Amino acid sequence: MHIDPLKYEMSPLIAGFGSFSGRGFGFGAGAPTPSATATITPSITPSITATITPTVTTTPSTTPSISISPTRTPTISLSPTRTITPSITPSRSITPSISITPSITRTPSVTPSPLPGIWAAGGALINADLSISAAGTQNLGLAVKYSTSEEYNGSSWSSGGNKIINEYYGASTGTQNEALTLGGSCSGAPTQQGNKCTEEYNGTSWSSGGALICGARNHAAAGSQNVGLTFGGFSQEYTPSSICCAQEYNGSTWSLGGALITPRSGLAGAGTQNEALAFGGAFDRCTEEYNGTSWSSGGNLICGRSSLGGAGTQNAGLGFGGYAFSPSINYTITSTELYNGTSWSSGQGLITGRYNIGGAGTQASALAVGGYTPGSSPGCTCTEEWTYP
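Residues numbered from 1 in each chain as written. Predicted model: local features only at pLDDT ≥ 70, side-chain atom pairs only at ≥ 80, totals over all residues. Heavy atoms only, no water.

Here we look at the packing of aromatic side chains
(1) Moving on: Applying the stated criterion to the full structure yields 14 aromatic pairs.
(2) Moving on: Relative to Trp-157, the ring of Tyr-152 lies with its centre 4.6 Å away and its plane at 35°, an arrangement referred to as tilted. A single burial state applies to Tyr-152 and to Trp-157, both of which are buried.
(3) Moving on: Seen from their ring centres, Phe-231 and Trp-295 are 5.1 Å apart, and the 65° between their planes marks the pair as edge-to-face. One end of the pair, Phe-231, is in strand E13 (residues 228–231); the other, Trp-295, is in strand E19 (residues 295–297), and 64 residues separate them in sequence.
(4) Moving on: An aromatic cluster is built from Trp-119, Phe-320, Trp-386 and Tyr-388, whose rings are joined through pairwise contacts. (Phe/Tyr/Trp six-rings, centres within 6.5 Å; stacked < 30°, edge-to-face > 60°. Buried < 20%, exposed > 50% of the residue type's maximum accessible area, 1.4 Å probe, protein only. Helix = DSSP H or I, 4+ residues; strand = E, 2+ residues; numbered from the N terminus.)

Encoded structure:
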């Protein structure tokens, strides 16, 4: 059986009121009871709607909080931007690339061809001297010193004849048994004075020859005793003191020849009277060639130097030792150079570097005699023999 709750709850009220009649307030026996049900039902509906709706609207409010997570994503992207710093590291690896320098050490591994020729120690002079000039060949050499001379046999030196005039810084040419020595600075003369004396050697003794026209010291000579040539040098008689004077000897007298292009002292000479070679001097690199009448320019030395030794001919010359100069230092050198008639090339260096050195012989077989090395006063007794090729 179904009981209507509204009707059940209202029945006592109706029973209490009883039955009313007339126009006043009351309920009649046929009044409709559903009217009470209609007014009560709406009051229940609002309470249900008001409670549920707020809980639903809170759900969207959580969505903004989720959007915070994407905003943190840019902060994470900062990390890659910092990785730019490591990317610079490869550019710094340029420094290790400088390790190419060790590859330069491979240059020695490419063994260069040895320089041509070789110097070997020969017999020592009997006595050293401040300056020495020389004549002859490697096996028949002559060393001309301040007051005397010595003769070389290819292995040892023996005493030769004493000179008539004592002098330093003279020049010599010829052979061991037919030599010529000339000029120089005489004892008692002013330091820069060059004398005019000439002496001839016959293998035993010295005799006087014709006097020079231009007295000189630190000059060079070429040729033989009877067909000689001297050029350049230093003298107080002339201005400038380094002279360009060239003089030719006929065995008895001197005559003027062609003047050097570049006047200088301390130079070396080689060749003959009609085919001579003048090179170096006054720390210069210039080379000049003589044809019996005039001088013309030849190839420059590789190393400019003064007071060097010379040997050979115009087309096969040899220069060695000497005194070199740079703005910061003065020094004695061992350098050897070979001339082919056009240009100079390097050869093996001397065993002992020195200047005021005597030179004799040929490009293939030469002699380096005496000379001065710093601290070796009055000079060294060393002799060196050159062999080429």
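A short note on the environment of Thr-313
(1) Moving on: Position of Thr-313 among the secondary structure elements: in the loop between strand E20 (309–312) and strand E21 (317–320).
(2) Moving on: Between the alpha carbons of Thr-313 and Ala-276 there is a distance of 7.0 Å; along the sequence they are 37 residues apart.
(3) Moving on: When near neighbours in sequence (up to four residues on either side) are disregarded, Thr-313 contacts Ala-270, Gly-271 and Leu-277. (Contact = heavy atoms within 4.5 Å.)

A closer look at the layout of surface pockets
(1) Moving on: Reported here for the largest pocket is a volume of approximately 740 Å³.
(2) Moving on: Considering only residue class, the lining of the largest pocket consists of 17 nonpolar, 27 polar and 3 charged. (1 Å grid on protein atoms, 1.4 Å probe; cavity = no way out; pocket = protein on both sides within 12 Å on 5 of 7 lines; lining within 4 Å. Points joined across faces, edges and corners; volume = space filled by probe spheres on them. Nonpolar A, V, L, I, M, F, W, Y, C, P; charged D, E, K, R; others polar.)

Thoughts on the sheet that holds strand E10 (residues 198–201)
(1) Moving on: Ordered by their spatial adjacency, 4 strands build an open sheet running E7-E8-E10-E11, and the pairing between neighbours is antiparallel. Each having just a single partner strand, strand E7 (171–174) and strand E11 (206–208) make up the two edges of the open sheet. Put simply, the sheet's adjacent strands are angled 25° from each other on average, direction ignored.
(2) Moving on: Pairing between E7 and strand E8 (residues 179–182): 4 bridges, direction antiparallel. Bridge pairing in E8 links Gly-174 to Ala-179. (Pairing = 2+ DSSP bridges. Axes fitted to C-alpha atoms, helices over the stretch in contact; angles between N-to-C directions.)

Let's talk about the nonpolar core
When a protein is soluble and globular, its nonpolar side chains tend to lie buried together.
(1) Moving on: With 11 residues, the main nonpolar core is built from Ala-220, Ala-222, Leu-229, Phe-231, Ala-246, Leu-260, Leu-267, Ala-276, Ala-278, Tyr-290 and Trp-295.
(2) Moving on: When contributions to this core are tallied by element, the ones reaching two or more residues are strand E12 (220–223), E13 and strand E17 (276–279).
(3) Moving on: Once residues within four sequence positions are removed from consideration, Ala-222 is found in contact with Thr-173, Val-227, Gly-228, Leu-229, Phe-231, Ala-270, Gly-271, Thr-272 and Ala-276.
(4) Moving on: Leu-318, Leu-350, Ala-368 and Trp-386 belong to the second largest nonpolar core, which has 10 residues in total. (Core = buried A, V, L, I, M, F, W, Y, C linked by side-chain atoms within 4.5 Å.)

Observations concerning the environment of Ala-246
(1) Moving on: Mapped onto the fold, Ala-246 is located in strand E14 (residues 246–249).
(2) Moving on: Residue classification places Ala-246 among the buried positions, given a relative accessible area of 1%.
(3) Moving on: Considered as a pair, Ala-246 and Thr-230 are 16 residues apart in the sequence and their alpha carbons are 5.7 Å apart.
(4) Moving on: Beyond its immediate sequence surroundings of up to four residues, Ala-246 is in contact with Thr-230, Phe-231, Ser-255, Leu-256, Gly-257, Gly-258 and Trp-295.

Concerning the confidence of the model for the protein
When pLDDT is low, close inspection of the predicted coordinates is not appropriate.
(1) Moving on: Within the protein, residue pLDDT values average 79, and 67% of them lie at 70 or more.
(2) Moving on: Per-residue pLDDT stays below 50 along residues 1–94; that stretch engages in 9 contacts with residues further than four places along the chain or on separate chains. (pLDDT = per-residue confidence, 0-100.)

What to know about the pattern of salt bridges
When their charged atoms lie close together, side chains carrying opposite charge are able to pair.
(1) Moving on: Taken as a whole and judged by the stated rule, the model has 5 salt bridges.
(2) Moving on: Across the pair Glu-150 and Lys-145 runs a salt bridge, and its minimum N-O distance is 2.4 Å.
(3) Moving on: For Glu-150, a relative accessible area of 2% corresponds to the buried category.
(4) Moving on: On the accessibility criterion, Lys-145 (3% relative accessible area) is buried.
(5) Moving on: A salt bridge links Arg-264 to Glu-288; its shortest N-O distance comes to 2.9 Å. Here Arg-264 is found in the loop between strand E15 (254–256) and strand E16 (268–271), whereas its partner Glu-288 is found in strand E18 (residues 287–290), with 24 residues between them in sequence.
(6) Moving on: Classification of Arg-264 by relative accessible area gives buried; the value is 1%. (Salt bridge = Lys/Arg side-chain N within 4 Å of Asp/Glu carboxyl O.)

As for the sheet that holds strand E1 (residues 118–121)
(1) Moving on: One open sheet accounts for 4 strands, arranged E1-E28-E27-E26; its pairing is antiparallel. With one partner strand each, in any of the chains shown, E1 and strand E26 (358–361) form the two edges of the open sheet. The mean inter-strand angle of the sheet, taken between neighbouring strand axes irrespective of direction, is 25°.
(2) Moving on: One ladder, built from 5 bridges, connects strand E27 (residues 365–369) with strand E28 (residues 383–387); its direction is antiparallel. Across the sheet, Leu-367 pairs through a bridge with Glu-385, a residue of E28.

Concerning unusual backbone geometry
(1) Moving on: With an omega of 5°, the peptide bond between Ser-377 and Pro-378 qualifies as cis.
(2) Moving on: The topology assignment puts Pro-378 in the loop between E27 and E28.
(3) Moving on: Even without glycine at this site, Tyr-169 takes up a positive phi of about 60°.
(4) Moving on: Position of Tyr-169 relative to the elements: it lies in the loop between strand E6 (167–168) and E7.

Overview of the pairing of E16
(1) Moving on: As judged from the 4 bridges shared by E16 and E17, these two strands associate in the antiparallel manner. When the bridges of E17 are listed, Ala-268 appears paired with Phe-279.
(2) Moving on: Taking the residues that link successive antiparallel strands as the turn, the E16-E17 hairpin has 4 residues.

So, the side chain of Glu-151
(1) Moving on: Here Glu-151 lies in strand E4 (residues 149–152).
(2) Moving on: No salt bridge forms around the buried Glu-151; measuring N to O, its nearest opposite-charge neighbour Lys-145 is 12 Å away.
(3) Moving on: At 2.6 Å, the side chain of Glu-151 and the side chain of Tyr-201 are in polar contact. (Lys, Arg positive; Asp, Glu negative; His and termini not counted. Polar contact = N/O pair within 3.5 Å; in protein donor to acceptor, adjacent residues only side chain to side chain.)

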